[in-house]
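Each chain is listed here by its residues.
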Amino acid sequence: MKRALFVRYLLAGLCGAAAAAVVLQYRGRASLAPYPLRALLAAGIVALVCALLAHLGSDSFLKPLSSLNAAMERHGEQMSFSALPDGLYPEMARLRENIRKLCGKIIASRKKLKQQQEHFDFIIDNLDEGLLITDLSGTVTGLNQKAAAVLRLGREAVQQNITDVLEEAAILDAFHKAVSQNLVTRFDLRVADGAIYALSARLIREEAGEAVMRRREIVVITLADVTAERSALQQRQDFFSNASHELKTPITSILGFAELLEAGVVGDARKLAESASIIRREASRMNRIISDLLMIASLENEGEAGERSVVQLSEVIGEIGDSLRVAMAEKGVTMEVSGGNFPVRVAYSHLHNLLGNLIQNAVKYNKEGGKVWVRAELDGERLHLTVKDTGIGIPAELKGRVFERFFRVDKGRSRSVGGTGLGLSIVKHIVTLYDGEITLDSTLGEGTTVQVLL
């Protein structure tokens, strides 16, 4: 090491002497100092400068700098917490401290950025709407939990192309329209579990700076759950359609027979009586439909059970049985009642309508010589009601629709027995008012069991 340093100094001195000679030769003899003195002075100055440069390039300077550089490569920004070489020149010590400070700022910035990213991810993942983001090439750059669940995608879908992770042609078509035509596409997407989502795909472009030098362009696909809204809309449409149909049928019969009577076409006393009977029957049917519709409207507007009174449950069941005695006798249906010998606090009209519709259905749709069981039990403040029959039953695929307004399992049979298709809808509304539960179990051709908990 010392030998190498000596060689450096020697070479520096020789180079300095040569440089001085060249300078003096160029300047000529115009200088005031004698030639030998000038030569010696110039050579010494140049040799001193070169020696200093050689010293600065020596290991005494390069070694600490190399150590500092190695530490930066090894630790990166973690140098803020790492031991660094001591004994440095003041300038290098300041450099070391400045590097430490800079590394500390980098670490703080990264921590802050990570916290912001986690906060953003938390908000995105807890949105009610699904969110999927891609770049113009189709690479998925963002995906929240809702979108992943609806589209049945995993987190690994991020950084993959949308055409590789999705098979839904309508979604891919919406993506391509957004990219190629800048069109906003909206449609309803029905998924496997029956839920409906309003999907929207659009291109979002942000221009950076006054001049359009760089643009950020992404395609955003959103998914909003509209199952309840679409279901409500469909129910309203079905309601108006069914209500119009149900009311039109008796009105047509009434008008037809009224015109015959007015024209004097029906002259026979027996036929005249039959026509009047048909008009009365159809008018009664209209009256029942309107009464049931008004009942449902009233239940919907109440919002809660309202005023209650003490009612003897067995007496209500007895009244309903008496009103159905003729219908049961015509079909040979018998009814067995158990329990119910206790009072309950309830709105009388609610309890009568609930039990009346359930028992009436059990009789109306029973077989010849069938049987109906009615059981009532009280468990603390919970009332259990069960109505079971040996009737025609309900197909498995239609069980979920029996509580819809105007829905009938067998429309022809329902009309022949005078049903309006609103009875079980009324029952469902009453159960809802009392924060209750209702379950229906039925086997086609064997019978139906309805259980209510209030």
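Residues numbered from 1 in each chain as written. Predicted model: local features only at pLDDT ≥ 70, side-chain atom pairs only at ≥ 80, totals over all residues. Heavy atoms only, no water.

## A look at the environment of Asn144
Put simply, the rule is: Counting from the N terminus, the helices are DSSP H or I runs at least four residues long and the strands are E runs at least two residues long. Identification of polar contacts relies on pairs of N or O atoms within 3.5 Å, with a donor-acceptor requirement for protein atoms, meaning one able to donate a hydrogen and the other able to accept it, and with residues adjacent in sequence counted only if both atoms are side-chain atoms.
If you trace the backbone, Asn144 turns up in the loop between strand E2 (140–143) and helix H5 (145–150). On a C-alpha basis, the gap between Asn144 and Asn126 in space is 8.1 Å, while along the polypeptide they are 18 residues apart. Within the structure, the side chain of Asn144 is placed 3.0 Å from the backbone oxygen of Glu129, a separation counted as a polar contact.

## With respect to the layout of surface pockets
This is how the line gets drawn: Only protein atoms enter the 1 Å grid, on which a cavity is a set of points fitting a 1.4 Å probe that cannot get out and a pocket is an open set with protein on both sides within 12 Å along at least 5 of 7 lines, lining residues being those with an atom within 4 Å of a point. Grid points are joined across faces, edges and corners, and a volume is the space filled by probe spheres set on the points. Under this grouping Gly is polar, as are all residues other than the nonpolar Ala, Val, Leu, Ile, Met, Phe, Trp, Tyr, Cys and Pro and the charged Asp, Glu, Lys and Arg.
Empty space within the second largest pocket amounts to approximately 420 Å³. Around the second largest pocket, the lining is made up of 21 residues, and of these Gln235, Asp238, Glu404, Arg405 and Phe406 lie nearest the centre. Among the residues making up the lining of the second largest pocket, the classes are represented as 5 nonpolar, 5 polar and 11 charged.

## A short note on unusual backbone geometry
Keep this limit in mind: Three exposure classes are used, based on accessible area relative to the maximum for each residue type with a 1.4 Å probe and protein chains only: buried under 20%, partly exposed in between, and exposed over 50%.
In the Ramachandran plot, Arg152 falls in the positive-phi region, its phi being about 55 degrees despite a non-glycine side chain. Position of Arg152 relative to the elements: it lies in the loop between H5 and helix H6 (162–165). Phi at Gln159 takes a positive value of approximately 75 degrees, unusual for a residue other than glycine. Inspection of the secondary structure puts Gln159 in the loop between H5 and H6. For Gln159, a relative accessible area of 58% gives the class exposed.

## What about the side chain of Asn366?
Take Asn366: it is sitting in the loop between helix H12 (348–364) and strand E9 (371–379). Residue classification places Asn366 among the buried positions, given a relative accessible area of 1%. A distance of 3.1 Å separates a polar atom in the side chain of Asn366 from the backbone oxygen of Lys371.

## Remarks on a negative patch on the surface
Note the threshold: The residues that make up patches have over 30% relative accessible area and no salt bridge, and they are joined within 9 Å when like-charged or within 5 Å when they are Val, Leu, Ile, Met, Phe, Trp or Tyr. Here the Shrake-Rupley method, with its probe set to 1.4 Å, supplies the accessible areas, and only the displayed protein chains count as covering residues. Any carboxyl oxygen of Asp or Glu within 4 Å of a side-chain nitrogen of Lys or Arg constitutes a salt bridge here. Neither His nor the chain ends contribute to the count of charged residues, in which Lys and Arg are positive and Asp and Glu negative. Taken as the charge centre is NZ of Lys, CZ of Arg, CG of Asp or CD of Glu, depending on the residue.
On the surface, a cluster of negative charge is contributed by Asp128, Glu129, Asp193, Asp225 and Glu229. Among the structural elements, Asp128 can be located in the loop between helix H4 (90–125) and strand E1 (130–134).

## Structural notes on the packing of aromatic side chains
Applied cut-off: Centre distance within 6.5 Å is the pairing criterion for rings of Phe, Tyr and Trp, where only the six-membered ring of Trp is used; planes under 30 degrees apart are then read as stacked, over 60 as edge-to-face, and the remainder as tilted. The rule is short: NZ of Lys or CZ of Arg within 6 Å of the ring centre and within 35 degrees of the ring normal puts a charge over the ring.
Going through the model one piece at a time under the given rule, you end up with 0 aromatic pairs. Over the ring of Trp373 we find Lys388; its NZ or CZ atom is 5.6 Å from the centre of that ring. The aromatic ring of Phe403 is capped on one face by Lys428, whose charged end is 5.8 Å from the ring centroid.

## Concerning the nonpolar core
Definition in use: We define the nonpolar core as a collection of buried residues of types Ala, Val, Leu, Ile, Met, Phe, Trp, Tyr and Cys that are connected through side-chain atoms lying within 4.5 Å of one another. In this analysis, two residues are considered to be in contact whenever any of their non-hydrogen atoms come within 4.5 Å of each other.
Core analysis: the biggest nonpolar cluster contains 48 residues, and Leu313, Leu351, Leu354, Leu355, Leu358, Leu385 and Val452 have the highest contact counts within it. Counting residues per element, this core draws most heavily on H12, which supplies 7 residues. Those residues in contact with Val452 that lie beyond four places of it in its chain are Leu354, Leu358, Leu383, His384, Leu385, Val431, Glu437 and Ile438. Counting residues in hydrophobic clusters, the runner-up holds 27 residues, among them Leu143, Leu189, Ala195 and Leu199.

## Re the pattern of salt bridges
Applying the stated criterion across every chain, the model contains 10 salt bridges. Across the salt bridge formed by Asp173 and Lys177, the nearest N and O atoms sit 3.4 Å from each other. Separated by 4 residues within a single helix, Asp173 and Lys177 lie in helix H7 (residues 169–181), roughly one turn from each other. For Asp173, a relative accessible area of 38% translates into the label partly exposed. We note a salt bridge from Asp188 to Arg230, for which the minimum N-O separation is 2.6 Å. Pair noted here: Asp188 is in strand E3 (residues 185–190) and Arg230 is in helix H8 (residues 227–263), with a separation of 42 residues, a long-range link.

## Section: the packing of H12 against helix H14 (residues 423–433)
What counts is decided by this rule: Under this scheme, a helix contributes an axis fitted over its contacting stretch, all axes are lines through C-alpha atoms, and angles between N-to-C directions fall in the 0 to 180 degree range. Oblique is the label for any angle not covered by the other classes, which are roughly parallel (under 35 degrees), roughly antiparallel (over 145) and roughly perpendicular (65 to 115). Take the far helix as the reference: if the near one is turned anticlockwise from it by less than a right angle, the crossing is left-handed, and if turned clockwise, right-handed.
Two numbers describe how H12 lies on H14: the axes approach to 9 Å, and their chain directions differ by 140 degrees. The angle between H12 and H14 places the two elements in the oblique class. The way H12 lies across H14 gives a crossing that is left-handed. Facing His350, Asn353, Leu354, Asn357, Leu358 and Asn361 of H12, the residues of H14 in contact are Gly423, Leu424, Ile426, Val427, Ile430, Val431 and Leu433.

## Describing the confidence of the model for the protein
Keep this limit in mind: The score called pLDDT rates the predictor's confidence residue by residue, from a low of 0 to a high of 100.
Averaged over the protein, the pLDDT score is 79; the fraction of residues at 70 or greater is 74%. With pLDDT under 50 throughout, residues 29–33 is counted as low confidence; its partners more than four residues away or in other chains account for 3 contacts.

## Things to note about the pairing of strand E12 (residues 447–453)
Going by this rule: For two strands to be treated as a pair, DSSP must find no fewer than two bridges joining them.
With respect to burial, E12 is a largely interior element, 5 of its 7 residues being buried. As paired elements, strand E11 (residues 437–443) and E12 share 7 bridges and run antiparallel to each other. Along E12, the bridge assignment pairs Ser442 with Thr448. Where E11 folds back onto E12 in an antiparallel hairpin, the turn is made up of 3 residues, including Gly445, whose phi is positive at roughly 85 degrees.

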